[in-house]
Amino acid sequence: MIARVRELQAQGAEILELTAGEPDFRPPEVAEKAAMEAIQAGKGRYTPASGTMALRQAAANWIESDFGLRYSPREVIVCPGAKIGISQALLALIRSGDEVLIPTPSWTSYPEMVRIAEGVPVMVPCDRNHLPDLEALEAARTSATKAILINSPCNPTGAVWPKDRLKALGEWALAHDLWVISDEIYAHLVYGDNRHDSPMALVPELQQRAVWIGGMSKAYAMTGWRIGFAAAPEALAKTIGGLQSQLASCPNSISQIASLAALQHGGEARQQMRQAFENRCRLVSERLAIMPGLECPAPQGAFYAFPRLQDSILGRRDPATGRQIQSGDDFIEVLLEADQVALMGGTAFGEPTAFRISFAASETVLTDALDRIAGRLQAIQNSGND
Ligand SMILES: Cc1ncc(COP(=O)(O)O)c(C=O)c1O
């Protein structure tokens, strides 16, 4: 989709892009300033493979204050992005043929990461509200199941899993000796009355069977700086650090200094960004709730909405392009061609009738794009059945 958008842009088309997986904000000023000073002071050398002790300590403090989880700095590995943190955790935990449960819709990279670790991804559909379905998870569990990979707030659905569901999931995982990899990268982007909880805070014994994943990308708008954190029991953290030492040598040293400054002094910038996303989330939810032909559990976190097309749209032909809409992927192609709005299709996230809207875009762009989406849905609905 991104390649197609670039192609159309090169031909002069003005596309409203709601595809971004990263905040459209600057990092906290303190982080940028610290990085510039670090470069000038010649700090661009290797650091210890698992990150500087100062940043590991600061991350441990952050995980305790914001997530209620106590880790020693030795149990926190600074990684070159949360993504590598997840992959390294899987490489450390999974042996060939081990199964990893992944509630879907889910981030596209998860199944591939499991395969790289020679594991078998087992995709388990969530319920209609995009919350994990414990009965379905239990039905999918076998003697080969080693871990479950979870993500709340969720990319692509924007769902924030409620406390009781997370607690039940944590207790279930513990009872069956499963490892939990909890990707909490969007934890600071939660809206309205919703609260983020870590399953390990709700089921404390689970911390010994879990890897907590977080980082700077989404919370501090530092995606390209490539700093994430993996926190795990000490023996596992050591294995993850050992892998990282051979794979990456260390995370970027200048980014580590910038991240330390952001964690220590960037809280206000983070809050301002969260507030802006909350306003956009409200705007998007309100519009989607009254749009014809869509069903969309209201997003509560991250910066995505994931509406499903209803039967009043599926199977019909779009009057402008003549294309039949059989999936969310068909719909977004029509939307790009007819209305110059770029979205992501749901197939890549495990739900073909859906599509993803990112609200990492200005309110003006969002409003314009939502008008065009509504107009297209109306036109398809009015077109009669095919
Ligand atoms: C669910 C999820 N986890 C992890 C990441 C990657 O984070 P990082 O930039 O720290 O590697 C992303 C990025 O889009 C994501 O959506």
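Above this text sits the structure in question.
Residues numbered from 1 in each chain as written. Predicted model: local features only at pLDDT ≥ 70, side-chain atom pairs only at ≥ 80, totals over all residues. Heavy atoms only, no water.

Considerations on the pattern of salt bridges
Here is the rule: Salt bridge criterion: a side-chain nitrogen from Lys or Arg within 4 Å of a carboxyl oxygen from Asp or Glu. Per the convention used, a helix needs a DSSP run of H or I reaching at least four residues, while a strand needs a run of E reaching at least two, with both numbered from the N terminus. Whether a residue is buried, partly exposed or exposed follows from its accessible area with a 1.4 Å probe, protein chains only, as a fraction of its type maximum: under 20%, in between, or over 50%, in that order.
Enumeration according to the criterion identifies 22 salt bridges in this entry. Salt-bridge contacts for Glu 278 lead to Arg 274; the nearest nitrogen and oxygen are separated by 2.7 Å. Here Glu 278 pairs with Arg 274, and both are found in helix H11 (residues 267-289), just four residues apart, close to one helical turn. With respect to burial, Glu 278 and Arg 274 carry one shared label: buried.

Quick look at the nonpolar core
What counts, and what does not: By convention a nonpolar core is built from buried Ala, Val, Leu, Ile, Met, Phe, Trp, Tyr and Cys residues, the set being connected through side-chain atoms within 4.5 Å. Domain ranges listed in this record stem from an automatic or a database domain assignment. Contacts are assigned to residue pairs that have any heavy atoms within 4.5 Å of one another.
The biggest cluster of nonpolar side chains holds 65 residues, and the ones touching the most others in it are Leu 90, Val 211, Phe 331, Leu 343 and Ile 373. Broken down by element, the residue count for this core peaks at seven residues, all from helix H13 (residues 363-382). Each of two domains, domain 1 (2-21 + 269-377) and domain 2 (29-265), supplies a minimum of three residues to this core. The contacts of Phe 331, once residues within four sequence positions are left out, are Leu 309, Ile 325, Phe 355, Ile 373, Arg 376, Leu 377 and Ile 380. If you look at the next biggest cluster of nonpolar residues, it comprises 49 residues, including Val 122, Trp 172, Leu 178 and Met 200.

So, the pairing of strand E7 (residues 210-215)
Put simply, the rule reads: Following DSSP output, two strands are said to pair if at least two bridges run between them.
Burial analysis of E7 places six of its six residues in the buried class, which makes it a mostly covered element. Residues Ala 210, Trp 212 and Gly 214 of E7 are buried on one face, and the alternating residues Val 211, Ile 213 and Gly 215, pointing to the opposite face, are buried as well. The pairing of strand E6 (residues 179-183) with E7 spans four bridges and is classified as parallel. Paired with Ser 182 across the two strands is Trp 212, which belongs to E7. Bridge count between E7 and strand E8 (residues 228-231): four bridges; the pairing is antiparallel. If you follow Gly 215 over to E8, its bridge partner there is Gly 228.

Overview of the sheet that holds strand E14 (residues 355-358)
Pairing is antiparallel across the open sheet formed by three strands, whose spatial order is E10-E14-E13. Only two strands of the sheet have a single partner each, and these edge strands are strand E10 (304-305) and strand E13 (344-345). Sheet topology places E10 next to E14; two bridges connect them, and they run antiparallel. Residue Tyr 304 lies in a different strand from E14, and its bridge partner there is Ser 358.

Nothing here speaks to function; it is geometry throughout.
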